[in-house]
Amino acid sequence: MTRIGPREATSTAYATAADYTEARLRALGYQVRRQSVPVPAGTWQSFRLRAGTTTNLVAALPTLSSTQPRLLVGAHLDTVPDSPGANDNASGVAALLELARLAAASRSQPAIVFIVFGGEEPRRPRGSHFGSKAYAATLDDTARRTYRGMISLDAVGTGSILPVCRGRRLSDRFSAAVVRRAKEVAVSVTECTSRASDHLSFEDVDLPAVVIGGRPYSQYHTIRDRPSVLRLETIAAAVRLTWAVMR
């Protein structure tokens with residue numbers, strides 16, 4: 001993914017990364033729907049970002065029925081315009097693809113919707129999380145009742161302790177359940193609050209949601225966010241924890 005380079009949400013590089021990710025999901029047997037998302041013009045540091053369209057990828061196995069209770073697992077694919085985004089957020093997309101592989105290979109085939117979001121990164125002064133907000137806005141009351149919770153995998157490749165964060169308050173039943181699963185599978189976590197990932201869009205429509213990851217690191221949002229910053233053991237721990245919740 002980092003070989004593609006920076007993947008700003010409306011760029012051709014983002015489109016290339018989305019095509020690659022969709023192909024990986026389809027090869028695993030998933031039905032993938034594209035959701036086009038308008039993104040406004042804005043700025044990031046010295047960069048002027050044009051208005052345009054980005055893409056969400058919504059993937060589910062054919063066995064998932066429309067009324068079946070399910071979990072949503074998401075990761076954003078875009079980066080700020082000057083970063084190759086190894087940790088933020090190729091690490092989260094890699095974890096999502098591994099979870100998709102595990103789910104497809106499982107006899108029980110857990111009821112999961114995987115979403116790869118575009119437009120998570122900020123465009124000042126117009127905001128951020130455009131892709132997840134657009135998807136959350138499509139959920140009517142019936143659809144929201146089918147979701148048991150949402151996990152955002154975001155920058156899961158650094159440090160040795162995984163943050164499990166909510167947006168507005170430290171803990172609720174869903175985040176507490178994620179923390180319990182972490183203890184069961186021997187993953188070290190810390191509880192926190194964070195307003196810096198796509199879980200916020202689902203809290204805003206009253207779905208329980210957490211972000212796993214998001215620990216500050218010195219290469220964050222810079223050209224130095226390359227594969228050398230990643231700690232594979234931490235990505236594996238994020239997969240192990242999310243898989244335990246999925247099951």
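Residues numbered from 1 in each chain as written. Predicted model: local features only at pLDDT ≥ 70, side-chain atom pairs only at ≥ 80, totals over all residues. Heavy atoms only, no water.

Chemist: What exactly am I supposed to notice about the overall build of the protein chain here?
Modeler: Broken down by element type, the protein chain carries seven helices and 10 strands. If one aligns the C-alpha atoms of the protein chain with their principal axes, the spans along those axes are about 45 × 35 × 35 Å. Sorting the 247 residues of the protein chain into buried and exposed places 55% on the buried side. Summing over all exposed atoms, the protein chain offers an accessible surface of approximately 10,900 Å²; the carbon and sulfur share of this is 51%. Measuring between centres, the 32 positive side-chain charges of the protein chain sit 3 Å from its 21 negative side-chain charges. (Helix = DSSP H or I, 4+ residues; strand = E, 2+ residues; numbered from the N terminus. Buried < 20%, exposed > 50% of the residue type's maximum accessible area, 1.4 Å probe, protein only. Areas by Shrake-Rupley, 256 points an atom, 1.4 Å probe, with all protein chains shown as cover. Lys, Arg positive; Asp, Glu negative; His and termini not counted. Charge placed at Lys NZ, Arg CZ, Asp CG, Glu CD.)

Chemist: Mind showing me how you'd approach unusual backbone geometry here?
Modeler: Keep in mind that most residues, glycine aside, have a negative phi and that most peptide bonds are trans. Omega for the peptide link from Asp88 to Asn89 comes to 15°, which places this bond in the cis form. As for its position among the elements, Asn89 is in helix α2 (residues 86-105). Here Arg124 and Pro125 are connected by a cis peptide whose omega angle stands at 0°. By the element assignment, Pro125 lies in the loop between β6 (112-117) and α3 (130-137). At Gln109, a residue that is not glycine, the phi angle is positive and equals roughly 45°. Along the chain, Gln109 turns up in the loop between α2 and β6.

Chemist: Whenever I open this one, the sheet that holds strand β1 (residues 31-39) confuses me. Can you help?
Modeler: Within a beta sheet, neighbouring strands are joined by backbone hydrogen bonds and run either parallel or antiparallel to one another. Spatially, β1-β4-β6-β5-β7-β10-β8-β9 is the arrangement adopted by the eight strands of the open sheet, whose pairing is mixed. Each end of this open sheet is capped by a strand with a single partner; those strands are β1 and β9 (189-193). Neighbour to neighbour, the strand axes of the sheet diverge by 25° on average, direction disregarded. (Pairing = 2+ DSSP bridges. Axes fitted to C-alpha atoms, helices over the stretch in contact; angles between N-to-C directions.)

Chemist: Where do I start with the nonpolar core in this structure?
Modeler: When a protein is soluble and globular, its nonpolar side chains tend to lie buried together. Residues Tyr30, Phe114, Leu153, Ile212 and Met246 are the most contacted members of the largest nonpolar core, which totals 43 residues. Looking at this core, the element that brings in the most residues is helix α7 (residues 232-246), giving eight residues. Phe114 has contacts with Tyr30, Leu57, Val58, Ala59, Val73, Leu96, Leu99, Ala100, Ala103 and Met246, leaving out every residue within four places of it along the chain. Counting residues in each nonpolar core, the second largest holds 16 residues, with Ala60, Ala111, Met150 and Phe202 among its members. (Core = buried A, V, L, I, M, F, W, Y, C linked by side-chain atoms within 4.5 Å. Contact = heavy atoms within 4.5 Å.)

Chemist: Which parts of the structure should I look at to understand the packing of aromatic side chains?
Modeler: Centre-to-centre distance and the angle between the planes together describe a pair of aromatic rings. In the structure shown here, the tally under the stated rule is four aromatic pairs. Judged by centre distance (6.4 Å) and plane angle (50°), the ring pair of Tyr135 and Phe202 falls under tilted. With Tyr135 in helix α3 and Phe202 in helix α6 (residues 199-203), this pair connects stretches of sequence that are 67 residues apart. Residue classification places Phe202 among the buried positions, given a relative accessible area of 0%. For the pair Tyr217 and Tyr220, a centre-to-centre distance of 5.8 Å together with 70° between the ring planes defines the contact as edge-to-face. Among the aromatic side chains, those forming a connected cluster through ring pairs are Phe117, Tyr135 and Phe202. Looking at Arg70, its charged tip hangs above the ring of Tyr147, at a distance of 5.7 Å from the centre. (Phe/Tyr/Trp six-rings, centres within 6.5 Å; stacked < 30°, edge-to-face > 60°. Lys NZ or Arg CZ within 6 Å of the ring centre and 35° of its normal.)

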